[in-house]
Amino acid sequence: LDLEELDTVIAKYQQFQALVKKWEHCSPSQLQELAAQFKLEKRETTLEYIALGSLALKRIFDVFPFDTQIMTLLALLSKKEGAMGRLTQMKTGEGKSITITLTAFVLAMEGRGVDIISSSHYLSIRDQEKYVSFFQDFGITTSHICKSNPKKEAFNAQILYGMTYDFEFALMREQVKGITLFN
């Protein structure tokens, strides 16, 4: 990030903190109602979704994202004019799973489909199973394709977990068999 983008991320982080403070006493059902309300309004709600998702993770798993995780997420979701996207690297133990879960949550709440590509089947299945209830609470469907022949229904999930070659083989099967797996 250049200095201007970093300043923007820091300003957004401060706004995030204010939202968390505002909603920290909300029940899980109140958080879900707020998210549903924001979804209907169809306005820029990225910061709201990050705050709601963070508070929901705290309620469900007793884990609140670290400052660095939120800053990483804000940097990932910010896009400079003409930029293609972002790439980040986090070391083992720095909270990739929470950062990825929260990123997927925000994108899914914004109506986007998300593919989470992991380095192992174990991690893909573990994270999909661990966070399924969190996502379901907000009406988001998840699945994984970590089988040699995943069922077509798995591909209907809004958030799909797998390894690189799971997605590659799914695309090849789709082309060879003439079926549509990816929407």
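Worth saying up front: this structure is predicted, and the values here are computed from it rather than measured. (Residues numbered from 1 in each chain as written. Predicted model: local features only at pLDDT ≥ 70, side-chain atom pairs only at ≥ 80, totals over all residues. Heavy atoms only, no water.)

## Describing the overall build of the chain
Scanning the chain from N- to C-terminus turns up 7 helices and 3 strands. Sequence-ordered secondary structure for the chain, helices as α and strands as β, is α-α-α-α-α-β-α-β-β-α. Against the compact-globule benchmark of 16 Å for 183 residues, the chain has a radius of gyration of 17 Å, which places it among compact chains. Across its three principal axes, the chain shows a C-alpha extent of roughly 50 × 40 × 35 Å. Looking at the chain as a whole, 43% of its 183 residues are labelled buried. Looking at the chain alone, contacts between residues at least 24 apart form 62% of all its contacts between residues at least 6 apart. Carbon and sulfur atoms provide 54% of the accessible area of the chain, an area that totals close to 10800 Å². Looking at charge distribution, the chain has the averaged site of its 21 positive side-chain charges lying 4 Å from that of its 22 negative ones. (Helix = DSSP H or I, 4+ residues; strand = E, 2+ residues; numbered from the N terminus. Rg over C-alpha atoms; globule rule 2.2 N^0.38 Å. Buried < 20%, exposed > 50% of the residue type's maximum accessible area, 1.4 Å probe, protein only. Contact = heavy atoms within 4.5 Å. Areas by Shrake-Rupley, 256 points an atom, 1.4 Å probe, with all protein chains shown as cover. Lys, Arg positive; Asp, Glu negative; His and termini not counted. Charge placed at Lys NZ, Arg CZ, Asp CG, Glu CD.)

## Here's the deal with a nonpolar patch on the surface
There is a patch of nonpolar side chains on the surface, built from Leu-1, Leu-3, Leu-6 and Ile-10 and spanning about 380 Å² of accessible area. Looking at where Leu-3 falls in the secondary structure, it is placed in helix α1 (residues 3-23). You can call Leu-3 exposed: its relative accessible area is 67%. (Patch = residues over 30% accessible without salt bridge, like charges linked within 9 Å, V, L, I, M, F, W, Y side chains within 5 Å. Salt bridge = Lys/Arg side-chain N within 4 Å of Asp/Glu carboxyl O.)

## Regarding the layout of surface pockets
Volume-wise, the second largest pocket comes out at about 350 Å³. In this structure, the second largest pocket is lined by 17 residues; those nearest its centre are Lys-96, Ser-97, Ile-100, Leu-123 and Asp-127. Of all the secondary structure elements, the ones that give two or more residues to the lining of the second largest pocket are α5 (96-109), β1 (114-118) and α6 (121-136). Each residue belonging to the lining of the second largest pocket can be placed in one class, and the counts come to 5 nonpolar, 8 polar and 4 charged. (1 Å grid on protein atoms, 1.4 Å probe; cavity = no way out; pocket = protein on both sides within 12 Å on 5 of 7 lines; lining within 4 Å. Points joined across faces, edges and corners; volume = space filled by probe spheres on them. Nonpolar A, V, L, I, M, F, W, Y, C, P; charged D, E, K, R; others polar.)

## What about the packing of α5 against α6?
Put simply, α5 and α6 touch, their axes get as near as 11 Å, and they point 45° apart. Considering the angle they form, α5 stands oblique to α6. In terms of crossing hand, the pair formed by α5 and α6 is right-handed. Contacts between α5 and α6 involve Ser-97, Ile-98, Thr-101, Ala-104 and Phe-105 on the former and, on the latter, Arg-126, Asp-127, Tyr-131, Phe-134 and Phe-135. Tallied by class, the residues present in the contact of α5 with α6 amount to 6 nonpolar, 2 polar and 2 charged. (Axes fitted to C-alpha atoms, helices over the stretch in contact; angles between N-to-C directions. Parallel < 35°, antiparallel > 145°, perpendicular 65-115°, else oblique. Left-handed = near helix turned anticlockwise from the far one by under 90°.)

## As for the sheet that holds β1
Sheet strands line up and pair through hydrogen bonds in the backbone, either parallel or antiparallel. Overall, parallel pairing links the 3 strands, which are arranged β1-β3-β2 in an open sheet. Two strands close off the open sheet at either side, each with one partner strand: β1 and β2 (142-144). Direction aside, the axes of adjacent strands within the sheet are offset by 20° on average. The sheet contact formed by β2 and strand β3 (residues 159-163) spans 3 bridges and is parallel. When the sheet's bridge partners are listed, Ser-143 is paired in β3 with Leu-160. In this fold α5 packs onto β1 and β3, with an angle of close to 165° to the strand it touches most, β1. Across the sheet, α6 is in contact with β1, β2 and β3; its angle to β3 comes to roughly 165°. (Pairing = 2+ DSSP bridges.)

## Things to note about α5
Helix length check: α5 (14 residues) gives 20 Å between terminal C-alpha atoms against 20 Å at 1.5 Å per residue, within 8%. With 11 of 14 residues buried, α5 is to be regarded as a mostly interior element. When we look at burial in α5, the residues that qualify are Ile-98, Thr-99, Thr-101, Leu-102, Thr-103, Ala-104, Phe-105, Val-106, Leu-107, Ala-108 and Met-109. A positive backbone phi angle near 90° is found at Gly-111, which sits one or two residues after α5. (Expected span 1.5 Å × (residues − 1).)

## Some words on the nonpolar core
With 40 residues, the main nonpolar core has Trp-23, Phe-105, Phe-135 and Ile-159 as its most contacted residues. Of all the elements in the fold, those that place two or more residues in this core are α1, α2 (28-41), α3 (46-61), α4 (67-77), α5, β1, α6 and β3. (Core = buried A, V, L, I, M, F, W, Y, C linked by side-chain atoms within 4.5 Å.)

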